[in-house]
Amino acid sequence: MIRLPEPKAATLAKRDAIIAGLRRILRDSGVIAEAARLKPYEMDGLTAFRQPPLAVALPETTEQLAAVLRFLNQEGVRVIPRGAGTSLSGGALPLADGVVIGMMRMNRILEIDYDDRFAVVQAGVTNLGITAAMQSDGFFYAPDPSSQLACMIGGNVAMNSGGAHCLKYGVTANNLLGLKIVTIEGEILDIGGMHLDAAGYDWLGLLTGSEGQLAMVSEVTVRILRAAEGQRAMLAAFRSNEIAGACVDRIIGSGIIPVALEFMDRPAIHACEDFAHAGYPLDAEALLIIEVEGSVAEQDELLGRIRAMCDEFDPISCRVSQSAEESAAIWKGRKGAFGAVGRISPDYLCMDGTIPTGQLPLVLRRIGEMSDHYRLKVANIFHAGDGNLHPLIMFDANDADSFHRAEAFGADILCLCVEVGGCLTGEHGVGVEKRDLMHRQFTEIELDQQRAIKSAFDPDWLLNPAKVFPLVAA
Amino acid sequence: MQTNFSVEQLRDSDNAASNSVLRTCVHCGFCTATCPTFVLLGDELDSPRGRIYLIKEMLESGKPATEEVVRHVDRCLSCLSCMTTCPSGVNYMHLVDHARRYIEETYKRPWPERLMRGALGRVLPHPRLFRLALRGAALARPAAGLIPTGTMTGKRLQAMLSLAPAKLPPQSAAQKPQIHRAEGARRGRVALLTGCAQTVLAPSINEATIRLLTRLGIEVVIPAAIGCCGALTHHMGQHDPAMAAARAAITGWTREIEGEGLDAILINTSGCGTTVKDYGFMFRDAPPAEAAQAKRVAALAADISEYLVRIGYQPQRPAPDLTVAYHSACSLQHGQKITSAPKDLLKTAGFSVVEPRDPHLCCGSAGTYNIMQPEIAGQLRSRKLATLKDRRPDLIAAGNIGCITQLSGDGMPVLHTVELLDWMAGGPRPDAIGQSDV
Ligand code: SF4
Ligand code: SF4
């Protein structure tokens, strides 16, 4: 079990008063305090770590959120922000003396402006909900994490989420225009605006990816884009992970930027096919999903060049999607990949590291060796185009030994990423999961500088503490 | 996901089944996004993932269910949208069915609720009693305003009265046990489940089904002694009455299967269809002979739309200039994964077919849900009617009597898909469509 800071005795002692205070702000319906009802909030998408919170608060407005934070700050109570609870790094793991603030009720789209191409949404709107609201008018919001159906934009900001199509469109940070944030003191601030590159310091850049440690996000102004004329996906099947990895490097090295370039290995292909019935090649050891967009002529020309490059690697097959339904099924499978692995293993740890694409063949081979060493199966599913790996280490949580091996395996993979010149996290954030590996990436001085920034926003370390930074020895 | 059942607990077949369902859930949270109650209430506890966790804790503890858990399980519509969404293949239906039974057996509800649930379970599955009750409700309707709505019981009583139609359609002889011979050469032989509430509320649905099938050369048997399929009580966790009803149905159909034979057991109330198709699981621990019969019945069960696609449906009348908004009943789209067949049939029949922008969301009917949870059901109804009407249809079609009742009464005709198909194939114009509409 991961080490969490000692609960503050003073907070635990005044639990009833804290809950009463929250109820004054949010009424009974906005506060959860009974043990049985707190249980389901004890974890997010990272099931390995669990801790029921002191209480859960569900604000419906920015003002309520501000009042809750002001109150908790006065009382010195720790706060854990939570969106849809889909984090794979334990970003929303509670603390025994902490209040979870769930943003699910703030789920309204406030404004869509097609002329200036922006949308203002509350933090609890799902990522896909933004696109769904404008799709029929031909617009979309670009970053598309695999959990986009469920994950919320506030959490995307906190983790600077990416997604399959970030290869072309960039990650969350590249698609934000403004934020309404609430500080731990309960002050409501507007940052950025309706257009790119606001005046002054780049506060937006600082807050994006700060994992809920600097402030809470209540509204987000996102950049929206006009959808391309059309898109098509190609499925290229290869004889080994390494060959597919080499092909990725070849495509990226050629200067072509597909909208998406995704990798799945054999276990992943089979699990996803079971779920999505997308017609994935079941005879392949590794599969690349390569999507291009534009006019039909542009698509043809790009697919032709990519096809020629794939052919250099002796593919088993290359198939271009023939219809919108087929493409939808291909992406349904890919986006449901993590969950689909639940079909072949009761539990998994989903890693998230980034490496230079040139290192793909080496890293994939080493992961294979580690899998043998730790006697645990692994499914590789990732955004190959930008070198963002998501090996899923399969284990059985009902067997403690297999969990310990999985943890060690995961740490080895992430260290390998740093070793070959990459980094610990691509898009899932550090959370608690990678907290203790941060010193592999940063020196103590660098970590101290980062801690100083947090202290400037949150002097008492009440906002999502125990995440991101290695715990200071008690 | 990790579970903590003891070896002893896992010896119980229900626990064992639920344990394997729980082990499949990886807690990814995808299902939350498409759950109607999560979308409305914004609380993990009213999401599939939250319920799965509450149920896990309840079953593992082995202790009687508590109000905290019951509240959130009761709010579940059993719409099974979560099962369509789940990438991991979690069988939420089996888990929640087990939970409802566990609650029924271990939790003592407040007496007004107990009374109401008991009455619903006893009355709804029996057409004669149900008809009497509806007559009573029609008489009581003028007094509805006098019921205090400050309490949940008051709200439920009001919901019940407002769902009861003011006038009941006359009884129909066609639905009585008998054999309807095929017209012309016989191409097939099927049994029809006429349903319980449906026979009273809308006999026109069974009449249309029988006309359409016999015209297509299918002999339609309505076996005696088959009343309710057990779905209604099953969803209320009333295990014994549900199993008894299902057992009677299995016996009745088996007699036909082993007699003159059946090509299919047809169901035109999709809520029932989901349950009948699950008989194999429900009777998994029955003596081998009975379990095998249950499996065989389940395998023969088909929704009317599936069957019509199988035998080929062609209209006889010129296409009407009508736009139909197709409402996909949850039991059809999520429970039985039948999504395109009814729409394709309606298009073949000559209608223009449109869909609301939230086709996956429940209308709030959900068996007895619209009576027991009137507030959530009401919100879902308004939402669904709004998105259906957004598409500017002339009428609404659905494949389940529950949805039809729930969506009716808002000025827009709501019909069963099969009534429209029968009309276009030579049957009479459904009463609900006025002459002027065409
Ligand atoms: S989508 Fe499936 S695996 Fe994911 S949380 Fe829901 S039930 Fe569990
Ligand atoms: S059955 Fe419907 S209401 Fe119940 S948890 Fe699943 S999606 Fe939600």
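As the structure is a prediction and not an experimental result, all values here were calculated from the model.

Asks: Tell me about the overall build of chain B, and name the residues and values.
Replies: Within chain B, the secondary structure is distributed over 24 helices and nine strands. Relative to its length of 438 residues, chain B is compact, with a C-alpha radius of gyration of 21 Å against a globular reference of 22 Å. For the C-alpha atoms alone, the extent of chain B along its principal axes is close to 60 × 55 × 40 Å. By the burial criterion, 60% of the 438 residues in chain B qualify as buried. Relative to all contacts within chain B whose residues are 6 or more apart in sequence, the contacts with residues 24 or more apart total 74%. Within the structure as shown, chain B displays about 16900 Å² of accessible surface, and the carbon and sulfur contribution to it stands at 55%.

Asks: Tell me about the domain arrangement of chain B, and please be specific about residues and values.
Replies: One can read the domain layout of chain B as domain 1 (9-106), domain 2 (112-163), domain 3 (173-308) and domain 4 (313-437). Between the C-alpha centres of domain 1 of chain B and domain 2 of chain B there is a distance of 28 Å.

Asks: Tell me about the pairing of strand S2 (residues 188-193) of chain B, residues and numbers included.
Replies: All names here are of chain B. Counting buried residues along S2, six of its six residues qualify, which places the element largely inside the surrounding structure. Side chains Gly188, Val190 and Leu192 of S2 all project onto a buried face; the interleaved residues Arg189, Ala191 and Leu193 project onto the opposite face, where all are buried too. Two strands pair when backbone bridges link them, and S2 and strand S3 (residues 218-222) are joined in this way by four bridges, in the parallel orientation. Bridging from a neighbouring strand, Arg189 pairs with Glu219 of S3. The sheet contact formed by S2 and strand S4 (residues 264-267) spans four bridges and is parallel. Directly across from Leu192, in S4, lies its bridge partner Leu266.

Asks: Got a sec to walk through the packing of aromatic side chains? Specific residues and values, please.
Replies: Residues and elements named next belong to chain A. Tallied over the full model, the rule gives eleven aromatic pairs over all chains. A ring pair is formed by Tyr374 and Phe409, whose centres lie 5.4 Å apart and whose planes are at 15°; its orientation type is stacked. In this pair, Tyr374 is assigned in helix H14 (residues 360-374) and Phe409 in helix H15 (residues 400-419), connecting sequence segments 35 residues apart. Summarising the burial analysis for this pair, Tyr374 and Phe409 share the class buried.

Asks: Help me get a handle on the site of ligand 1, residues and values and all.
Replies: Neighbouring ligand 1 are 13 residues; Cys25, Cys28, Gly29, Cys31 and Cys86 of chain B lie closest to it. Considered class by class, the residues forming the shell around ligand 1 number nine nonpolar, three polar and one charged.

Asks: So what's going on with helix H17 (residues 444-457) of chain A? Residues and values would help.
Replies: Since the α-helix turns once every 3.6 residues, residues separated by three or four places project in the same direction. All names here are of chain A. Counted at 1.5 Å a residue, the expected span for H17 with its 14 residues is 20 Å, and the 20 Å between its end C-alpha atoms agrees. For H17, the set of buried residues is Leu447, Arg451, Lys454 and Phe457. Here the buried residues of H17 occupy an arc of 110° about the axis, which is enough to place them on one side. Exposed residues on H17 whose side chains face more than 90 degrees from its buried face are Ile445, Gln449 and Ala456. Looking at the buried positions of H17, the neighbouring elements they touch are helix H8 (203-207) and helix H16 (438-441).

Criteria and cut-off values
Residues numbered from 1 in each chain as written. Chains lettered and ligands numbered in written order. Predicted model: local features only at pLDDT ≥ 70, side-chain atom pairs only at ≥ 80, totals over all residues. Heavy atoms only, no water. Helix = DSSP H or I, 4+ residues; strand = E, 2+ residues; numbered from the N terminus. Rg over C-alpha atoms; globule rule 2.2 N^0.38 Å. Buried < 20%, exposed > 50% of the residue type's maximum accessible area, 1.4 Å probe, protein only. Contact = heavy atoms within 4.5 Å. Areas by Shrake-Rupley, 256 points an atom, 1.4 Å probe, with all protein chains shown as cover. Domains from an automatic or database assignment. Pairing = 2+ DSSP bridges. Phe/Tyr/Trp six-rings, centres within 6.5 Å; stacked < 30°, edge-to-face > 60°. Near = heavy atom within 4 Å. Nonpolar A, V, L, I, M, F, W, Y, C, P; charged D, E, K, R; others polar. Expected span 1.5 Å × (residues − 1). Arc of directions from axis to C-beta.

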